[in-house]
Amino acid sequence: MKTALFATSALCAAGLACAASAAEWETGISGYYFLGVGVTDSGAQDGLGVLRDGEFHVNGRLAADNGLVFAARIEVEAFTSNDQIDENWGRVIGPFGALTIGSDASVGYEQVGALGIVFSPGGRIGYADAFALTSEALVNEAAFMGFATDSIGLHYSSPDFFGFQAHGSYIPSANTDGAADTNNPAFSANDEVWSLAATYAGEFSEVSFGLGGHYTDQEGVAGEQIGAAGYVGFAGVTLAGFYEDDFADDEFGIGLQYETGPWAIGGGYSNSDQLGNEIGSAWVTYSAAPGVQMTVGVEYADDDTVAGSDFGGLAYLTLMF
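A.B. asks: Mind showing me how you'd approach the overall build of the protein chain here?
C.D. replies: Looking only at helices and strands, one finds three helices and 16 strands in the protein chain. Of all 321 residues assigned to the protein chain, the portion counted as buried reaches 42%. Considering only contacts in the protein chain between residues 6 or more positions apart, those separated by 24 or more positions represent 50%. Approximately 16,600 Å² of the protein chain is accessible, and the part contributed by carbon and sulfur atoms is 63%.

Okay, here's the thing in structure tokens:
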């Protein structure tokens, strides 16, 4: 394999085997850091805590003369983990749409999930699809719409047709994320994931809105996921909501955020009947400089499965570079 790669590179260098192109690759490094201090009133996490979380991303992009766009991205955690490499994929974009191969979440999550949720920076304070600040919040905040694990798969999004798009994912094995990641072909292991989704986004006068739905099925898991999410925005106010019939039961959430100048004020509520868990949260964010945000927020969570509830707060700085 290496010999073949070196031989091909030599032919390209000699101008014998590769099509000529004036386009060049654009490469760069991006990333983020979250730095903060939190407090909780919880039996499992009582007291004061310190937050430090980050990633760096290697990005590559080539816009070829034939109109195709090629891109690649590798995300690396800034802390030691069994899932050291986060999302990593290659992508081809053209008149046919976008085809992605690599470690990424299903289209049920990527294309639909975020439509129905308002977020604090990085989701460090939240009510759904967020990092759990307290132990009681862990289950519901980490419960994602669709299949969110970054297993190896193939993902497709159609061209945008007046705001409408269709999406599909095929993941041969759900267990190819984290320490089980591989550079070999990932074949089916009786835990395939199929996900289909459709989305629409548009604007009318000063009102923006979006709506999406998905069907996701994982082999070996009883039942399917069917969900819908959407938002409407006007004059700096965004109202978002989602509902999902998730395997054995359902969950829903609603959130509201107002943005004016450098300020954003948001919050929301989510409930999972299956897990007997509900969460409420609120936050305020101030954009101090390009890529620099300061956020203060609180969360309350109640978990029926352990007959407990807890409260937490977090003040953190977001650095995007």
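A.B. asks: Please clarify how the pattern of salt bridges should be interpreted in this entry.
C.D. replies: Summed over all chains, the structure comprises two salt bridges. Residue Asp-53 is joined to Arg-124 by a salt bridge in which the shortest nitrogen-to-oxygen separation is 2.8 Å. Taken together, the positions of Asp-53 in strand β2 (residues 47-63) and Arg-124 in the loop between α2 (107-112) and α3 (138-141) put the pair 71 residues apart, joining distant regions of the chain. Per residue, the accessibility class of Asp-53 equals that of Arg-124, and both read buried. Across the salt bridge formed by Arg-73 and Glu-75, the nearest N and O atoms sit 2.8 Å from each other. Residue Glu-75 is classed as buried on the basis of its relative accessible area of 8%.

A.B. asks: I tried to follow the side chain of Ser-151 on my own but got confused; where do I start?
C.D. replies: By secondary structure assignment, the location of Ser-151 is in the loop between α3 and β6 (152-157). For Ser-151, the side chain forms a polar contact with the main-chain oxygen of Ala-174, separated by 2.7 Å.

A.B. asks: Would you take a moment to explain the environment of Ile-226 for this structure?
C.D. replies: Structurally, the position occupied by Ile-226 is in strand β10 (residues 225-234). Among the residues examined, Ile-226 registers a relative accessible area of 47% and is labelled partly exposed. For the pair Ile-226 and Tyr-215, spaced 11 residues apart in sequence, the C-alpha to C-alpha distance is 4.7 Å. Among all residues touching Ile-226, those that are not within four sequence positions of it are His-214, Tyr-215, Tyr-243, Glu-244 and Asp-245.

A.B. asks: Any chance you could explain the side chain of Glu-87 here in plain terms?
C.D. replies: Looking at the secondary structure, you find Glu-87 in strand β4 (residues 85-94). Notably, Glu-87 is buried but unbridged: the nearest opposite-charge side chain belongs to Arg-73, and the N-O separation is 5.5 Å.

A.B. asks: Help me out: how do you make sense of the packing of aromatic side chains in this one?
C.D. replies: The geometry of two aromatic rings is summed up by the distance between their centres and the angle between their planes. Within this structure, the stated rule accounts for eight aromatic pairs. When the centroid spacing of 4.4 Å and the interplanar angle of 40 degrees are considered together, the rings of Phe-164 and Tyr-200 count as tilted. Highlighted residues: Phe-164 in strand β7 (residues 164-171) and Tyr-200 in strand β8 (residues 193-204), separated in sequence by 36 residues. Using a relative accessible area of 26% as the deciding quantity, one classes Tyr-200 as partly exposed. A connected cluster of aromatic rings, assembled from ring pairs, spans Tyr-32, Phe-34 and Tyr-316.

A.B. asks: Honestly, the pairing of β4 in this entry has me stumped. Any pointers?
C.D. replies: For a regular strand, side-chain orientation follows a simple rule: the groups alternate between the two sheet faces. For strand β3 (residues 69-77) and β4, the ladder comprises seven bridges, and the chain directions are antiparallel. Paired with Val-76 across the two strands is Ile-85, which belongs to β4. Adjacent in sequence and paired antiparallel, β4 and strand β5 (residues 97-103) are bridged by two residues.

A.B. asks: When you look at the pairing of β6 in this model, what are you seeing that I'm missing?
C.D. replies: The pairing of β5 with β6 spans six bridges and is antiparallel. Counted as the bridge partner of Leu-99 is Tyr-156 from β6. Inspection of the sheet shows β6 paired to β7 by four bridges, in the antiparallel sense. Each residue of the ladder has a partner; that of Tyr-156, found in β7, is Gly-168. Hairpin remark: β6 followed by β7, antiparallel, with six residues in the connecting loop; positive phi at Phe-162, about 55 degrees.

A.B. asks: Looking at this structure, how should I read a nonpolar patch on the surface?
C.D. replies: A cluster of nonpolar residues, Val-232, Val-237, Leu-239, Ile-254, Leu-256, Tyr-258, Trp-263, Ile-265 and Val-284, forms a patch on the protein surface that exposes about 750 Å² of accessible area. Of all the secondary-structure elements, those providing two or more residues to the nonpolar patch are β11 (237-246), β12 (249-260) and β13 (263-272). No other element matches β12, which puts three residues into the nonpolar patch. Along the polypeptide, Tyr-258 turns up in strand β12. Residue Tyr-258 is classed as partly exposed on the basis of its relative accessible area, which comes to 38%.

A.B. asks: Explain the confidence of the model for the protein chain to me, please; I cannot follow it from the model alone.
C.D. replies: The predicted structure's coordinates, where accompanied by low pLDDT, should not be read in detail. A residue-level look at the protein chain finds 87% of positions with pLDDT of 70 or above and a mean pLDDT of 87. With pLDDT under 50 throughout, residues 1-18 is counted as low confidence; its partners more than four residues away or in other chains account for three contacts.

What counts, and at which threshold
All residue numbers here refer to positions counted from 1 along the written sequence of the relevant chain. Note on the predicted model: pLDDT of at least 70 is required for a residue's local features to be given, and 80 or more for side-chain atom pairs to be given and counted; whole-chain, interface and lining totals, by contrast, use all residues. Computation of side-chain values covers all heavy atoms of the structure but excludes hydrogens and water. The numbering of helices and of strands both runs from the N terminus, where a helix is a DSSP run of H or I of at least 4 residues and a strand a run of E of at least 2. Using a 1.4 Å probe on the protein chains alone, a residue whose accessible area is under 20% of its type maximum counts as buried, one over 50% counts as exposed, and one in between counts as partly exposed. Contacts between residues were defined by any pair of non-hydrogen atoms, one from each residue, lying within 4.5 Å. Calculation of accessible area relied on Shrake-Rupley with a 1.4 Å probe; when residues are assessed, cover is drawn exclusively from the protein chains displayed. A carboxyl oxygen of Asp or Glu within 4 Å of a side-chain nitrogen of Lys or Arg is what we treat as a salt bridge. The term polar contact refers here to a pair of N or O atoms within 3.5 Å; inside protein, the definition further demands a hydrogen-donor-capable atom paired with an acceptor-capable atom, and it admits residues adjacent in sequence only when both atoms are side-chain atoms. In this tally Asp and Glu are treated as negative and Lys and Arg as positive; neither His nor the chain ends contributes. Pairing of aromatic side chains here covers Phe, Tyr and the six-membered ring of Trp, requires ring centres within 6.5 Å, and sorts the geometry by plane angle: under 30 degrees stacked, over 60 edge-to-face, intermediate tilted. Strands pair, by our definition, only if DSSP identifies at least two bridges between them. In this scheme, patches are assembled from residues that exceed 30% relative accessible area and form no salt bridge. Like charges are connected within 9 Å, while nonpolar side chains (Val, Leu, Ile, Met, Phe, Trp, Tyr) are connected within 5 Å. Along the chain, pLDDT gives the predictor's confidence residue by residue, from 0 to 100.

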